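Remarks on the overall topology
Residue-level listing of the chains:
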Amino acid sequence: MTSVPLAARHGVGAAEAAPTPAARTAGLRKAYGDTIAVDGVDLLVPEGAVLGMLGPNGSGKTTTIRMLLGLTAPTAGTVEVFGRPMPDAAAEVLPFVGALVEGPGFHPFLSGRENLLRCAMAEPLLPGRAGQRQLRLAVDDALERVGLGHAATRRYRGYSLGMKQRLGLAAALLVPRRMVVLDEPTNGLDPAGTREVRQVVAQLHAAGTTVVVSSHLLSEIEATCTHVAVMNRGSLVAQGELADLLDAGTPTLEVSTPDREAGLDALRAAGVAARAEPGGLLVELTGTDAPSAVATLVRAGVAVHEARRRRTGLEELFARLTEDER
Amino acid sequence: MTTTVDLAAQPAAGPPVPRAGTLRLIRSELRWVLRRPRTLVALGLLALVPVAIGVTLTLTDGIRAGGGAERGGPSLLAAVAGNGLVLPVAALSITMVLLMPLVVSMAAADALAGEAAHGTLRGLLLAPVGRVRLVMVKAVGVLVVAVLAAGLVAVTGWLTGMVLIGGDGLVTLSGTTVPLGTATLRVALVAGWVAAQMAAVGAVALAISAATDHPLVVMAASMAGLILFGVLRSLSALDWLHPVLLTEGWISVADVLRDPMPTEGLLTGLLRAGCYVLIGLSVAVARTATREG
């Protein structure tokens, strides 16, 4: 398996500009008995990036994240967070990392606020002399931030799946972090909740926080991320900036027109590759650009209703990266 | 809020690694332990045992009074008649055999295995609470349950004994009478000793708790261990093994009812409990250090 072919072309250059990446793994491998969960992963999380980890179920996303956080010791390879080795430097690194891994974990008999208060009391960044009142303030802030203010006093037992997920997010956001790791943060959330998670990620990004989000929802990643890492069967098959990865395919112009035959003829006469699709034409922009392609069509008297650049789309990219090896 | 922002701006810089105060962690742990409904129910039921015994003895009045010169539980019960201060000691000796270990191992089961099962252990490890510190904080929680269990039984036993049965001072098994104050001190002493034995059970249960994600396994293993110890103790062919069995010294509880009070059995029992605590905590720390979060 050729690992990170796209990273070589697109990702590394941009990342090299930043001196210390927020997190980096080298030759990361984790085996559970005979099962190899993760193998040869060289992941790079640039400081300040929003990195989306993408991959089918069982592709090793969560295992990689768990090793990033020092929850699982790698079988081989190294992990560095903020330039410090993990899990050895966990005590120095983890206070600055917020995480929601493998779903929210809370006690059913305590209310949402009590559960968060318990997290807050273990939180190193909330100052040692912080009175109960100050801890409560931090807790209430976090609850408001994820829209759980109204349910703060209800027992966790009675929370819906989405509310549980929000509480997990609140725990990760209790104090300002340098890096936030969210494993499937939108699981169980309704569309409104999904939008809110997106907003939270955008806020974190705007504040300069590095965010690592894993998701199987492609649209989620496409909407929120600056960087993407695609995993498949325990290996990292691509990583780099989202825009670069999306443009990696042939650039295409989508033209909607009723005169498809006339359009095709005109483009072929001009030496531009194109094909018909329902409702219009797909024009390949190799050796030409969008304005001249449109001009060619218009000069030939073809009615152009709409023309827009079509990106490869994460879905297509994902399918290409994860399916061509079967 | 501003201070935390400053900290976030220059993370992992230099030696002063931020960490949550140990006292704050212990406070948080105790809040959690003492709020859990099942801990409260278990402790409450345990506290009712001496009351139940007292009421039963009062209602069935006149059981062979003074028949209990032998050691052990049932004979202690006989000594309770007309001698209220024997009740807390009898109640402790009865509950410490199975009921109290059940409550303590339940607390130990929830402490690590239960947290792992709920996914909350991960949160503590990510906070991060250091793994060794985590076990220590958990051990304090279990210890508090052990002390509360023994203390509650002693207190309700003492109250029930004084109210329902009464008696002026304590008539010892040796026939002498100890004044009320001294007798109460002796009850407190034996309660502390029982708490130490329960701490030993708790430490071993905590070690099991550190090795599994299933609280039920912890309770089952603890109970099986105690029952196994009972079986081993009944086999005289294995008497060379008896000194290392935790339950071997538990019969010494009745020693506080003698005059003068023999201390050797109690001290040996304390030492034995200390060994179990050390071994249990060491294993718990070792297991937690390598555990998957």
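Residues numbered from 1 in each chain as written. Chains lettered and ligands numbered in written order. Predicted model: local features only at pLDDT ≥ 70, side-chain atom pairs only at ≥ 80, totals over all residues.

1. Considering the overall build of chain B
Counting its regular elements, chain B contains 11 helices and 2 strands. Traced from its N-terminal end to its C-terminal end, chain B shows the element sequence α-α-α-α-α-α-α-α-β-β-α-α-α. Relative to its full complement of 293 residues, chain B shows a buried share of 48%. Once local pairs closer than 6 in sequence are excluded, the contacts in chain B between residues at least 24 apart make up 78%. (Helix = DSSP H or I, 4+ residues; strand = E, 2+ residues; numbered from the N terminus. Buried ≥ 20, exposed ≤ 12 C-beta atoms within 10 Å, placed from the backbone. Contact = placed C-beta atoms within 7 Å.)

2. Some words on the sheet that holds strand β12 (residues 252–256) of chain A
All names here are of chain A. Strand order in the open sheet formed by 4 strands is β13-β14-β12-β15, and the pairing between neighbours is antiparallel. If you trace the sheet from one side to the other, it starts and ends with β13 (274–277) and β15 (306–310), each paired once. The average angle at which neighbouring strand axes cross in this sheet is 25 degrees, direction not considered. Each of β13 and β14 (280–284) is contacted by helix α10 (residues 260–269), which is oriented at about 15 degrees to β14, the strand it contacts most. (Pairing = 2+ DSSP bridges. Axes fitted to C-alpha atoms, helices over the stretch in contact; angles between N-to-C directions.)

3. Focus: the interface of chain B and chain A
In this complex, chain B contributes 33 residues to the contact, which on the side of chain A involves 36 residues. Contributions of two or more residues to the side of chain B that touches chain A are made by α1 (2–9), α2 (22–35) and α7 (120–126) of chain B. Ranked by residue count, the leading element in the side of chain B that touches chain A is α7(B), at 6 residues. Among the residues forming the side of chain B that touches chain A, the class breakdown is 17 nonpolar, 10 polar and 6 charged. (Nonpolar A, V, L, I, M, F, W, Y, C, P; charged D, E, K, R; others polar.)

4. Describing the domain arrangement of chain A
Residue and element names in this part refer to chain A. Domain annotation of chain A identifies domain 1 (5–247) and domain 2 (252–323). Summarising the inter-unit geometry, the C-alpha centres of domain 1 and domain 2 are found 40 Å apart. Listed by partner, the interface residues are 12 residues for domain 1 and 8 residues for domain 2. Mapped onto the side of domain 1 that touches domain 2, the elements with two or more residues apiece are α8 (218–224), β10 (227–232), β11 (235–241) and α9 (242–247). Residues that form the side of domain 1 that touches domain 2 fall into these classes: 9 nonpolar, 1 polar and 2 charged. (Domains from an automatic or database assignment.)

5. With respect to the sheet that holds strand β9 (residues 210–215) of chain A
Strand pairs in the sheet, formed through backbone hydrogen bonds, run parallel or antiparallel to each other. Residue and element names in this part refer to chain A. Taken in spatial order, the 6 strands line up as β7-β8-β9-β4-β10-β11 in an open sheet, and their pairing is mixed. With one partner strand each, in any of the chains shown, β7 (97–100) and β11 form the two edges of the open sheet. Strand-to-strand twist in this sheet, taken as the mean axis angle between neighbours without regard to direction, amounts to 15 degrees. Pairing analysis gives 5 bridges linking strand β8 (residues 179–183) to β9, with the strands arranged parallel. Residue pairing for β9: Val-181 is matched across the bridge by Val-212. This element, helix α7 (residues 191–206), spans β4 (50–54), β8 and β9 of the sheet and lies at about 155 degrees to β9.

6. Quick look at helix α8 (residues 131–165) of chain B
Here α8(B) is 35 residues long and its end C-alpha atoms lie 50 Å apart, about the 51 Å a rise of 1.5 Å per residue gives. Downstream of α8(B) by one or two residues, Gly166(B) has phi in the positive range, about 70 degrees. (Expected span 1.5 Å × (residues − 1).)

7. A short note on the UniProt feature "transmembrane region" (unreviewed entry) in chain B
Residue and element names in this part refer to chain B. Summarizing the sequence annotation, UniProt attributes the feature "transmembrane region" (unreviewed entry) to residues 40–60, 80–104, 140–165, 185–209, 216–235 and 266–286 in the numbering used throughout. Counted over residues 185–209, helix gives 100% and strand 0%. Its end C-alpha atoms are 35 Å apart. The straight-line gap between the two end C-alpha atoms of residues 216–235 is 29 Å; of that span, 95% is helix and 0% is strand. (UniProt positions renumbered as here; feature names shortened; annotations may be inferred.)

8. Details of unusual backbone geometry
With the exception of glycine, most residues fall at negative phi, and the peptide bonds are largely trans. Along the chain, Ala127(B) connects to Pro128(B) via a cis peptide bond; the corresponding omega equals 0 degrees. A positive phi is found at Glu184(A), a non-glycine position, where the angle reads about 50 degrees. Within the secondary structure, Glu184(A) sits in the loop between β8 and α7.

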